[in-house]
Amino acid sequence: MNKILLNQKVIIYLSIETLLLLLATIAFFIAFKIVKNWDINSFTPNQFTLERENYLFITLVQMLLFFSIFDTIYFIYVIDKLHLFIPGAMCAAGVINANSFGVPLLLLKLFFIFLLLLWQNINILDLREKTFPYTKIKASFFIIIFLALIAIIYFDINYFFHLKTNLPVSCCSTLYGQLEGQNPLPFNLDTKLLLILFYLLFIVVFGALIGEVAFLILLATPLFLYIAYYSVTYFFGTYIYELPTHKCPFCMFQKEYYYIGYLIWGSLFLGTFFALIWAIDALLFKIWQKKLKLIAQISLFLFVIICSSYVAFYYFKNGVFL
Amino acid sequence: MIDIQNLTKKVQPNQTILDNISFRVKKGELVIVKGVSGSGKTTLLSILATLDKPTSGKVLINNQAVHKLPDLHLSLFRAQHIGFVAQHFNLIEHLSVYDNLLIAKGALTNSIKEAKSDITKALKQANILHKKDAIVKNLSGGEKQRTAIARALVNCADILLFDEPTAALDSKNSQTFLELLQNLHKMQKTIIVATHDPIFDTLKAKTFIMQDGKLYE
Ligand SMILES: Nc1ncnc2c1ncn2[C@@H]1O[C@H](COP(=O)(O)OP(=O)(O)O)[C@@H](O)[C@H]1O
Ligand SMILES: [Mg+2]
């Protein structure tokens, strides 16, 4: 038996995933019925039953959202702890890259949370009205969400079953280090251009939120997320670790760095997700939600401030940059 | 106005409590629903009070299919339009008369001053103002009922529902209730009373008979 699968944290994680699948399966059956039969203008027993089940459906998906957020944070915590069992791994980076299922799994899990947040947002808009205008859309959308969960479970199983304790893996310094002559940054950027792009895109996204330019938010936010990933991994991270050669998106989740990774990545995803949802609401439903916008602005601002302050504090302390 | 079309309530697939009921109540009308115990009166009132949902059929109150509203809208509708005096009153026994009304008022007001004057007005209308600081559990049956009526009035509901209002009253208190009921009727409230008490036969009102879940004129 694979030693990883007997690890207590992995067992807990996989149990939570099973529970999520169970909740989602019940919700899926109701969603399917709603897509097929929902008609708010009907007064038949079937429709009244469906209206009651609709509340169960909503509660289940809300539980799914709630647990998925904790589950994803827990997943990162688990893979970080697993580096002790995987030869060569120094942090979660080695563990998640130990086979080809890890990275897609993590990305899927983040995307899943985005989808559920978007769902919950439509749900709020739906219940605000008196006629359940988006209930069928919500149910159809959930069927896609359910398929995403199936994909996650598929990657979950493959990832943990193929995690070997006897195969050495690369650590983060190898994974994210500059291979000879090769530039790891996208679009062949150098660090200076990367940073210019980072702050520029931040200003564009933030400005577009202030000016409520929805399509610009929809375009610029994914790009900002992409550039922010590289900026944190290849630049800001080195200031968190105070080592110019230490490039890793995962080590910052460790106690040594005061678990700052949770705050940095958390604020980035919260900010970009809410900005995107705000823009989708504005474009699709013609609804401009002040609260969403405010949360997005605060989160993105917090993210940029935290990242920048690591560089600033280093400079104040040492009088030089790394 | 209340418009009910083909209302059916089943608790199990084979147990029908309300069987395809249709009737209308106009604004300001006083309606008595008579029927023996177990005929389905309380179930009907609970559905009209939007506390229970039908199995099938239409219930339109002020042209709104109330049971089709999302829960939040439904609660608001109930608070604004419906005053329900349940058979056992459902008051909070360890609170004062005034506080029972304040809780009912709380959901719909932002201003303490406005709440105070509405509560005083409702207590006066239900003739229980003199007991406003008494704890509910120390009140007599008639006083409890008048507290419940005051609570039903506090949000200026236009529809009042009474379930077996004289069941716990002696004949003197029953007479007092009838007078109060007529006053409310004069205030243009739409009123439905469910009862098996023959005392209501003396009243000039539209009467329906309920029998085994069916309604007859
Ligand atoms: N939730 C329930 N489950 C099962 N039976 C019920 C339920 N509610 C009411 N009943 C039954 O439905 C019938 C009508 O009840 P009710 O509406 O309370 O009549 P009434 O108020 O005229 O006495 C009774 O036989 C009662 O036992
Ligand atoms: Mg009864």
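What you see is a predicted model; the values in this text were computed from it and never measured. (Residues numbered from 1 in each chain as written. Chains lettered and ligands numbered in written order. Predicted model: local features only at pLDDT ≥ 70, side-chain atom pairs only at ≥ 80, totals over all residues. Heavy atoms only, no water.)

Asker: I would appreciate a short explanation of the packing of aromatic side chains in the present structure.
Answerer: Pairs of aromatic rings are described using the distance from one ring centre to the other and the angle between the two planes. Enumeration according to the criterion identifies 47 aromatic pairs over all chains in this entry. For the pair Phe28(A) and Phe29(A), a centre-to-centre distance of 5.8 Å together with 65 degrees between the ring planes defines the contact as edge-to-face. Measuring from ring centre to ring centre gives 4.7 Å for Tyr134(A) and Phe285(A), while their planes differ by 50 degrees; the resulting arrangement is tilted. Note that Tyr134(A) is positioned in the loop between helix 4 (102-128) and helix 5 (135-161) and Phe285(A) in helix 9 (residues 260-285), a separation of 151 residues in sequence. A connected cluster of aromatic rings, assembled from ring pairs, spans Phe198(A), Tyr199(A), Phe202(A), Phe206(A), Phe224(A), Phe235(A), Phe236(A), Tyr239(A), Phe301(A), Phe303(A) and Tyr314(A). Positioned over the ring face of Phe48(A) is Lys68(B), at 4.8 Å from the centre of the ring. (Phe/Tyr/Trp six-rings, centres within 6.5 Å; stacked < 30°, edge-to-face > 60°. Helix = DSSP H or I, 4+ residues; strand = E, 2+ residues; numbered from the N terminus. Lys NZ or Arg CZ within 6 Å of the ring centre and 35° of its normal.)

Asker: Explain the environment of His196(B) to me, please; I cannot follow it from the model alone.
Answerer: All names here are of chain B. Take His196: it is sitting in the loop between strand 8 (190-195) and strand 9 (206-211). For His196, a relative accessible area of 46% gives the class partly exposed. Between the C-alpha atom of His196 and that of Val36, which follows or precedes it by 160 residues, the distance is 5.7 Å. Contact partners of His196, with chain neighbours within four places excluded, come to Gly35, Val36 and Glu164. Side-chain polar atoms of His196 contact the side chain of Glu164, separated by 3.2 Å. (Buried < 20%, exposed > 50% of the residue type's maximum accessible area, 1.4 Å probe, protein only. Contact = heavy atoms within 4.5 Å. Polar contact = N/O pair within 3.5 Å; in protein donor to acceptor, adjacent residues only side chain to side chain.)

Asker: What am I meant to see in the site of ligand 1 here?
Answerer: Residues and elements named next belong to chain B. Ligand 1 sits among Val11, Gln15, Ile17, Val36, Ser37, Gly38, Ser39, Gly40, Lys41, Thr42 and Thr43. At 2.6 Å from an oxygen atom of ligand 1 is found a main-chain nitrogen or oxygen belonging to Gly38. Within the side chain of Thr42, an N or O atom sits 2.6 Å from an oxygen atom of ligand 1. For ligand 1, whose unbound accessible area comes to 560 Å², protein coverage reaches 55%. Elements with a contribution of two residues or more to the shell around ligand 1: strand 2 (15-25) and helix 1 (41-48). A total of three residues in the shell around ligand 1 trace back to one element, the largest contributor, which is helix 1. Split by residue class, the shell around ligand 1 holds three nonpolar, seven polar and one charged. (Near = heavy atom within 4 Å. Areas by Shrake-Rupley, 256 points an atom, 1.4 Å probe, with all protein chains shown as cover. Nonpolar A, V, L, I, M, F, W, Y, C, P; charged D, E, K, R; others polar.)

Asker: What am I meant to see in the sheet that holds strand 4 (residues 56-61) of chain B here?
Answerer: As a general point, the strands of a sheet are linked pairwise by backbone hydrogen bonds and lie either parallel or antiparallel. Ordered by their spatial adjacency, four strands build an open sheet running 2-1-4-5 (chain B), and the pairing between neighbours is antiparallel. The open sheet has two edge strands with one neighbour each: strand 2 and strand 5 (64-65) of chain B. (Pairing = 2+ DSSP bridges.)

Asker: Help me understand the side chain of Thr233(A) in this model?
Answerer: All names here are of chain A. As for its position among the elements, Thr233 is in helix 8 (residues 214-241). Assessed through its relative accessible area of 0%, Thr233 is described here as buried. A polar side-chain atom of Thr233 sits 2.8 Å from the main-chain carbonyl oxygen of Tyr229. If sequence neighbours within four positions are ignored, Thr233 has contacts with Tyr176, Lys247, Cys248, Pro249 and Trp265.

Asker: What exactly am I supposed to notice about the interface of chain B and chain A here?
Answerer: Size of an interface: often given as the accessible area lost when the parts come together. In this complex, chain B contributes 12 residues to the contact, which on the side of chain A involves 15 residues. Interface area for chain B against chain A, summed over the two sides, is near 1200 Å², with a carbon-plus-sulfur share of 62%. The three residues of chain B that bury the most area against chain A are Lys68(B), Pro70(B) and His73(B), which together make up 46% of that side's buried surface. With its nearest N and O atoms 2.6 Å apart, the salt bridge here joins Lys68(B) to Glu51(A). For the pair chain B and chain A, the interface holds eight residue pairs in polar contact (both at pLDDT 80 or more). No other element matches the three residues that strand 4 of chain B contributes to the side of chain B that touches chain A. Of the residues assigned to the side of chain B that touches chain A, the class counts are four nonpolar, five polar and three charged. (Buried area = accessible area lost by both parts, 1.4 Å probe. Salt bridge = Lys/Arg side-chain N within 4 Å of Asp/Glu carboxyl O.)

Asker: I would appreciate a short explanation of the environment of Phe89(B) in the present structure.
Answerer: By the secondary structure assignment, Phe89(B) is in the loop between strand 6 (82-85) and helix 3 (97-106). Linking Phe89(B) and Ile149(B), residues 60 residues apart in sequence, is a C-alpha distance of 8.7 Å.

Asker: Help me understand the pairing of strand 4 of chain B, please; the structure alone is not making it clear to me.
Answerer: Residues in a regular strand point their side chains to alternate faces of the sheet. Residue and element names in this part refer to chain B. A large share of strand 4 lies buried, amounting to five of its six residues. As defined by bridge partners, strand 1 (residues 2-12) adjoins strand 4 across five bridges and the pair is classed as antiparallel. Residue Ile2 lies in a different strand from strand 4, and its bridge partner there is Ile61. Looking at chain direction, strand 4 and strand 5 are connected through two bridges and run antiparallel. Paired with Leu60 across the bridge in strand 5 is Ala65.

Asker: Honestly, helix 6 (residues 171-186) of chain B in this entry has me stumped. Any pointers?
Answerer: In an α-helix, one turn spans 3.6 residues; hence positions three or four apart end up facing the same way. Residue and element names in this part refer to chain B. The terminal C-alpha atoms of helix 6 lie 23 Å apart, and with 16 residues this matches the ideal 22 Å at 1.5 Å per residue to within 8%. All buried positions along helix 6 are accounted for by Ser174, Phe177, Leu178, Leu180, Leu181 and Leu184. Projected down its long axis, helix 6 shows its buried positions confined to an angular sector of 165 degrees, all on one face. For helix 6, the exposed residues set more than 90 degrees away from the buried face come down to Lys172 and Lys186. Contacts from the buried residues of helix 6 go to strand 3 (30-34), helix 4 (112-125), helix 5 (141-153), strand 7 (159-163) and strand 8. Positive phi appears at Gln188, one or two residues downstream of helix 6, with a value of about 70 degrees. (Expected span 1.5 Å × (residues − 1). Arc of directions from axis to C-beta.)

Asker: Hey, could you run me through the packing of helix 1 (residues 8-37) of chain A against helix 5 of chain A in this one?
Answerer: The packing of two helices is summarised by the inter-axis angle and the distance between the axes. Residues and elements named next belong to chain A. Between helix 1 and helix 5, the shortest axis-to-axis distance is 9 Å and the interhelical angle comes to 155 degrees. Of the possible angle classes, the one that applies to helix 1 and helix 5 is roughly antiparallel. Crossing handedness for the pair helix 1 and helix 5: left-handed. For the contact of helix 1 with helix 5, the per-class residue count stands at 21 nonpolar, three polar and three charged. (Axes fitted to C-alpha atoms, helices over the stretch in contact; angles between N-to-C directions. Parallel < 35°, antiparallel > 145°, perpendicular 65-115°, else oblique. Left-handed = near helix turned anticlockwise from the far one by under 90°.)

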